[in-house]
Amino acid sequence: MKLALKVAPKAARSAVNGWMGGVLKVSVTAAPARGKANEAVVELLAAALDLPKSAIRVVRGQTSAHKWVEIDGLDEADLRRRLGR
């Protein structure tokens with residue numbers, strides 16, 4: 001499945017902050033330089049969804065705060081259940 005994200009880099013803590021419409025808001029402590037924030041987003045989502053990092057890829061918006069990730073092994077119902085919504 002594909003998921004739209006709004007990412008806030010250089011935050012005080014990494015967290016899944018909830019939904020804004022159909023977009024999941026997340027914050028990561030990593031800076032957006034050299035793909036570090038993208039790596040942090042993948043690590044955060046993998047931990048939150050109990051998936052291996054290899055199941056999550058940033059497929060659009062590598063240099064933007066608005067990103068699309070592709071997640072293998074989950075459908076939308078499973079995703080929302082694991083994230084508490």
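Look up: the structure comes first, before these words.
### Some thoughts on the nonpolar core
So, step 1. With 24 residues, the main nonpolar core has Leu3, Leu5, Leu45, Val69 and Ile71 as its most contacted residues.
So, step 2. Counting only elements with at least two residues in this core, the list comes to strand S1 (2-8), strand S3 (23-27), helix H1 (36-49), strand S4 (56-60) and strand S5 (66-71).
So, step 3. Sorting elements by how many residues they give to this core places H1 first, with eight residues.
So, step 4. With near-sequence residues (within four places) excluded, leucine 45 lies in contact with Leu5, Leu24, Ile56 and Val69.

### Digging into the sheet that holds S5
Each strand in a sheet pairs with its neighbour through backbone hydrogen bonds, running either in the same direction (parallel) or in the opposite one (antiparallel).
So, step 1. Judged by pairing direction, the sheet is mixed, and its five strands sit side by side in the order S2-S3-S1-S5-S4 without closing on themselves. Edge positions in the open sheet fall to strand S2 (15-20) and S4, since each of these has one partner strand only. Sheet twist, expressed as the mean angle between neighbouring strand axes with direction ignored, is 35°.

### Things to note about the pattern of salt bridges
So, step 1. What the rule picks out here adds up to four salt bridges.
So, step 2. Taking the shortest distance from any N to any O, the salt bridge between arginine 57 and aspartate 72 comes out at 3.0 Å. A residue pair is termed long-range when its members are at least 10 positions apart, and arginine 57 in strand S4 and aspartate 72 in the loop between S5 and helix H2 (76-82) qualify at 15 residues.
So, step 3. The exposure class of aspartate 72 is partly exposed, given its relative accessible area of 37%.
So, step 4. The partner of arginine 80 in a salt bridge is glutamate 76, and the shortest N-O contact between them spans 3.0 Å.

### Topic: unusual backbone geometry
So, step 1. Its identity as a non-glycine residue notwithstanding, arginine 34 has a phi of 55°, on the positive side.
So, step 2. With respect to the element layout, arginine 34 can be found in the loop between S3 and H1.
So, step 3. Judged by its relative accessible area of 73%, arginine 34 falls in the exposed class.
So, step 4. Positioned with a positive phi, aspartate 50 is a non-glycine residue whose angle comes to about 55°.
So, step 5. Tracing the sequence through the fold places aspartate 50 in the loop between H1 and S4.

### Observations concerning the pairing of S4
Every regular strand shows the same layout, with side chains that alternate between the two sheet faces.
So, step 1. Here S4 runs beside S5; their pairing, made up of four bridges, is antiparallel. Residue arginine 60 lies in a different strand from S5, and its bridge partner there is tryptophan 68.
So, step 2. Hairpin connection, S4 to S5: the antiparallel pair is bridged by five residues, and glycine 61 has positive phi, about 85°.

### Regarding H1
Since the α-helix turns once every 3.6 residues, residues separated by three or four places project in the same direction.
So, step 1. The end-to-end C-alpha distance of H1, which contains 14 residues, comes to 20 Å, matching closely the 20 Å that a straight helix rising 1.5 Å per residue would cover.
So, step 2. Contacts made by the buried residues of H1 are with S1, S2, S3, S4, S5 and H2.
So, step 3. Phi turns positive one or two residues past the end of H1, at aspartate 50, with a value near 55°.

What counts as what
- Residues numbered from 1 in each chain as written.
- Predicted model: local features only at pLDDT ≥ 70, side-chain atom pairs only at ≥ 80, totals over all residues.
- Heavy atoms only, no water.
- Core = buried A, V, L, I, M, F, W, Y, C linked by side-chain atoms within 4.5 Å.
- Buried < 20%, exposed > 50% of the residue type's maximum accessible area, 1.4 Å probe, protein only.
- Helix = DSSP H or I, 4+ residues; strand = E, 2+ residues; numbered from the N terminus.
- Contact = heavy atoms within 4.5 Å.
- Pairing = 2+ DSSP bridges.
- Axes fitted to C-alpha atoms, helices over the stretch in contact; angles between N-to-C directions.
- Salt bridge = Lys/Arg side-chain N within 4 Å of Asp/Glu carboxyl O.
- Expected span 1.5 Å × (residues − 1).

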